[in-house]
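# Overview (structure and organization)
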Amino acid sequence: MPPRRPRRPSESPALIAFGRQMRRLREAKGIKQETIAHLTQVSGPQVSKIENGKKRATRAFVEFVDEYLEADGSLINLWEDLNKDGHPVPIWFDWPQIEADAVMLICWQHSVVPGLAQTPEYALAIVHGNQEAADLRIKRQSILTRDDERGPAIVVFLIDEQVLTRQVGTAETMRKQLEHLIELSMMPNITVQVVLGSGEHDGNMGAFVLATMEDRSEVAYAETAIRSITTDDPADLSVMARTLVDLRSRALTQEQSRELIRKVAQERWT
């Protein structure tokens, strides 16, 4: 069993520092949290989390609040300072929370089935038999069927063709996994498209997920051999947007994707 990853701290000093300064500036102007929430179209609880150091503010939010509070760029400067090398991006984001709060996710995967679409058996094989890690991965999938006021997340799975034939676990594990992909594709909030494996494209550089939040801001997540990266840098988001345009131009339609997945399941894994 691989060693467990150390737990991330529940609160980041960088987030706390930013939240306290925002609160000071807001209270000095006699402005309520509810006003900030209304003007930025961010919920009151989310604004509270930002001021309490429990949620990262987007740059667009910071720029608006800085101007509204007449902070003369001080909030923007603090946000930028806390986002530099001394406080790398990962401490600013709690990706599981971002994923859970997102209204839409676009997942690109070139090597394995995305975590949100994995069966328990496939997930267990991916994490080398670590049952706790597999259970946590499956638990995350609740966003696909949540029934709260937000409704289920809209999710697009873009999967490289080779994922269908790269064996993870047993042949039965693969067959059930591909059948599960077909079932997911039938859900109204989920799209599954297979990207044809031939040709060169920027998606070969690595897998990633692009999350769109309720306020229409975006956060991206990418796995590397060293660590995971989370970012809302406009330059990074622009690269991912261009990559997604290219990938979707190479993808089969949803119906064609289902047919291919069904064919591989029957001919390769039965």
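Just above sits the structure.
Read on for a plain summary of the structure. (Residues numbered from 1 in each chain as written. Predicted model: local features only at pLDDT ≥ 70, side-chain atom pairs only at ≥ 80, totals over all residues. Heavy atoms only, no water.)

## Quick look at the packing of aromatic side chains
Per the counting criterion, the structure on display carries two aromatic pairs. Both rings, one in Phe64 and one in Tyr68, keep their centres 6.3 Å apart while their planes meet at 10°; by these two values the pair is stacked. Taken as a pair, Phe64 and Tyr68 lie in helix 4 (residues 59-68) at a separation of four residues, close to a single helical turn. Between Trp95 and Tyr221 the ring centres are 4.9 Å apart and the planes differ by 20°, which places this aromatic pair in the stacked class. Of the two residues, Trp95 sits in helix 6 (residues 95-101) while Tyr221 sits in strand 5 (residues 218-223), which places them 126 residues apart along the sequence. Of the two residues, Trp95 and Tyr221, both sit in the buried class. (Phe/Tyr/Trp six-rings, centres within 6.5 Å; stacked < 30°, edge-to-face > 60°. Helix = DSSP H or I, 4+ residues; strand = E, 2+ residues; numbered from the N terminus. Buried < 20%, exposed > 50% of the residue type's maximum accessible area, 1.4 Å probe, protein only.)

## Some words on the nonpolar core
Core analysis: the biggest nonpolar cluster contains 37 residues, and Trp95, Leu105, Phe157, Leu164, Leu178, Leu181 and Ile261 have the highest contact counts within it. Those elements that provide at least two residues to this core are helix 6, strand 1 (104-109), strand 2 (154-160), helix 9 (171-185), strand 3 (190-195), strand 4 (208-212), strand 5 and helix 11 (254-268). Per-element tally for this core: the top contributor is helix 9, with five residues. Residues in contact with Phe157, not counting those within four places in the same chain, are Cys107, Pro114, Leu116, Ala117, Leu184, Ile190, Thr191, Val192 and Gln193. Ala14, Phe18, Leu69 and Trp79 belong to the second largest nonpolar core, which has 20 residues in total. (Core = buried A, V, L, I, M, F, W, Y, C linked by side-chain atoms within 4.5 Å. Contact = heavy atoms within 4.5 Å.)

## Focus on the sheet that holds strand 4
Strand order in this open sheet of six strands is 3-2-1-4-5-6, and the pairing throughout is mixed. Two strands bound the open sheet, and with one partner strand each, they are strand 3 and strand 6 (228-231). Adjacent strand axes in the sheet meet at a mean angle of 10°, parallel and antiparallel pairs treated alike. The pairing of strand 4 with strand 5 spans five bridges and is antiparallel. Directly across from Thr212, in strand 5, lies its bridge partner Glu218. (Pairing = 2+ DSSP bridges. Axes fitted to C-alpha atoms, helices over the stretch in contact; angles between N-to-C directions.)

Limitation: the analysis is restricted to geometry and does not speak to function.
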